[in-house]
Amino acid sequence: MAAKGRQRTKIKKQLKEGESAKLNRHWRGLFLDYLAESSNVSESASKAGINPSRAYKVRREEPEFARQWLAALWEGYVHLEMEVLRRLREGDQQTDDSDKYDFANAIRLLNVHRESAVRAQADQRNVSAAEIRASIDRKVEAIRQKVKEEKDRAGQSK
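Residues numbered from 1 in each chain as written. Predicted model: local features only at pLDDT ≥ 70, side-chain atom pairs only at ≥ 80, totals over all residues. Heavy atoms only, no water.

What follows deals with the environment of Ala-48. Assignment of secondary structure puts Ala-48 in helix α2 (residues 41-48). In this structure, Ala-48 is in contact with Trp-27, Leu-30, Phe-31 and Tyr-34, ignoring residues within four places of it in sequence. (Helix = DSSP H or I, 4+ residues; strand = E, 2+ residues; numbered from the N terminus. Contact = heavy atoms within 4.5 Å.)

Scanning all chains against the criterion turns up 7 aromatic pairs. Consider the rings of Trp-27 and Phe-65, whose centres lie 5.8 Å apart with planes at 65°: the pair is edge-to-face. Note that Trp-27 is positioned in helix α1 (residues 27-38) and Phe-65 in helix α4 (residues 63-90), a separation of 38 residues in sequence. The class of Trp-27 is buried, set by a relative accessible area of 3%. Accessibility expressed as a relative area gives 2% for Phe-65, which makes it buried. Measuring from ring centre to ring centre gives 4.9 Å for Tyr-101 and Phe-103, while their planes differ by 70°; the resulting arrangement is edge-to-face. Across the pair, Phe-103 and Tyr-101 agree in class, each one buried. Put simply, the rings of Trp-27, Phe-31, Tyr-56, Phe-65 and Trp-69 touch in pairs and so form one group of aromatic residues. Just above the ring of Trp-69 sits the side chain of Arg-59; from NZ or CZ to the centre is 4.4 Å. (Phe/Tyr/Trp six-rings, centres within 6.5 Å; stacked < 30°, edge-to-face > 60°. Buried < 20%, exposed > 50% of the residue type's maximum accessible area, 1.4 Å probe, protein only. Lys NZ or Arg CZ within 6 Å of the ring centre and 35° of its normal.)

Now the structure itself:
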């Protein structure tokens, strides 16, 4: 049964491919939690036990879920931003499996998800998207400068 006051979204059979016969009734919360951690829709859907198409359809048809989706993406954006800053401050340039941390790709991802982050943050703070975009641009530029300084220091020590 759908939650009180909420219409159930009808899902076509082809959008259920790969899902278990008994869907976890808390899949929305699981999906959003994983999305906030990873910012990856396919991975989040897989972990929540759903087909990504189900998530997209529900997002289109349920405004509250769409709002929560944006908030989860904003949270994921902040996690990535904080991870990059932490690594730069601590000089942590190795991943858990001893590979070099890819700062260039991290910054690229921050740029790619900037618009979603701007919309979500504007919604939460009730400020203009332009103000938030300017704030994010300043943060990304600071990260770029820090990466450049780290590279310059590494080049001088050789």
